[in-house]
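Below, each chain spelled out in residue letters.
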Amino acid sequence: MEPLFKTSYEVARADYTSAGRASADIKRRLKQLGVGGDVLRRVAVASYEVELNLVIHSLGGELELNVFPDAVQLVSADRGPGIPDLAMAMKEGYSTANDEARSLGFGAGMGLPNMKRNADEFNIESTVGVGTTITMRFHLA
Amino acid sequence: MTIADMVRILNAKVLIGADKLDTPVYTACCSDLMSDVLAFVDEKTVLITGLTNPHVVRTSEMLDLKCLVFARGKIPTQDILESAEEQGLVVIATKLTAFSACGVLYENGLRGVPVPEEWDSREGG
């Protein structure tokens, strides 16, 4: 099915200052499209978490927003380095974030579990040396 | 209580949002770890923090928080305050430490945000 609305954002590696701009824009656009309440909040939180992950952990990537009649979809696709142990990465409290990320209040190992908690459907695929793709869907009532 | 009551109780300075001080508040959370705030805050609440970087305001934006309280007399930079103003957030600063700020607010009836039910199965007490 073709989305009703589609846009994407380049997210640069280690760009801590801009991190969150894409998510702020996604939130604004969804609001304009009439998405609100609990779903909007969950999309915003998951989007911010995944955007921060791109900045903190990836070599850079793209965050895509697709709006369907019955769902909002976020797809984050990066250019590596890939996650060696996905089961560990999904565990609350496990983090490989650096000191810079931690000094900003992140890197508590809550990102991936929190995305999963907020999304209605969550899928992560990762190959070391290739990259990680996270797809999240949020059902619209 | 309202944000105006918080300002009085904390002897705080209003940095942004002086026109919204009559907003009612029922709960608050206190953290310097935005990861945690993003993970457990499910409602429009108040955040008390000692962290003054742009991500505190972005986190507040994503969660639709009502009010930010900077503890220990810390004041964020002008660009951070401007982005708080854009999103309609109230920002106040108190000279109290985060611990003392939480203490006096609790004493006056403000309570912590409810924690998720799934925490019942956790090991910590």
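Our structure is the block above this text.
Sequence positions are assigned chain by chain, starting from 1 and proceeding in written order. Written order decides the labels, with chains lettered from A and ligands numbered from 1. Residues qualify for local features only when their pLDDT is at least 70, as the model is predicted, and side-chain atom pairs are given and counted only at 80 or more; totals for whole chains, interfaces and linings, by contrast, use all residues. Neither water nor hydrogens contribute to the side-chain values; these are computed over all heavy atoms in the structure.

Participant: Before we move on, can you summarise the nonpolar core with the specific residues and values?
Facilitator: The criterion is simple. A nonpolar core is a set of buried Ala, Val, Leu, Ile, Met, Phe, Trp, Tyr and Cys residues joined through side-chain atoms within 4.5 Å. Classification of residues uses two cut-offs on accessible area relative to the type maximum, computed with a 1.4 Å probe and protein chains only: under 20% is buried, over 50% is exposed, and between them is partly exposed. Counting 62 residues, the largest nonpolar core has L30, M136 and F138 of chain A as its most contacted members. Tallying contributions element by element places helix 2 (residues 37-57) of chain A first for this core, with twelve residues. One finds V25, A28, V46 and L110 of chain B within the second-largest nonpolar core, a separate group that totals 18 residues. Helix and strand assignments come from DSSP, with helices taken as H or I runs of at least 4 residues and strands as E runs of at least 2, each series counted from the N terminus.

Participant: Talk me through the sheet that holds strand 1 (residues 5-11) of chain A; I want residue IDs and the actual numbers.
Facilitator: All names here are of chain A. The strand order across the open sheet formed by five strands is 1-2-3-5-4, and the pairing between neighbours is antiparallel. Looking along the sheet, the strands with just one partner apiece sit at the ends: strand 1 and strand 4 (121-127). For this sheet, the mean angle separating the axes of adjacent strands, direction not counted, is 10 degrees. Across seven bridges, the pairing between strand 2 (residues 61-67) and strand 3 (residues 71-78) is antiparallel. Counterpart to L65 in the pairing with strand 3 is L74. By definition, residues are in contact when any of their heavy atoms lie within 4.5 Å. Only the stretch in contact is used when a helix axis is fitted, and all axes are lines through C-alpha atoms; the angle between N-to-C directions ranges over 0 to 180 degrees. Packing against the sheet, helix 1 (residues 21-32) makes contact with strand 1, strand 2 and strand 3, and its axis sits at approximately 170 degrees to strand 1. Most of the contacts of helix 2 go to strand 5 (residues 131-139), to which it runs at about 175 degrees, and overall it touches strand 1, strand 2, strand 3 and strand 5. At least two bridges found by DSSP between two strands is the condition for calling them paired.

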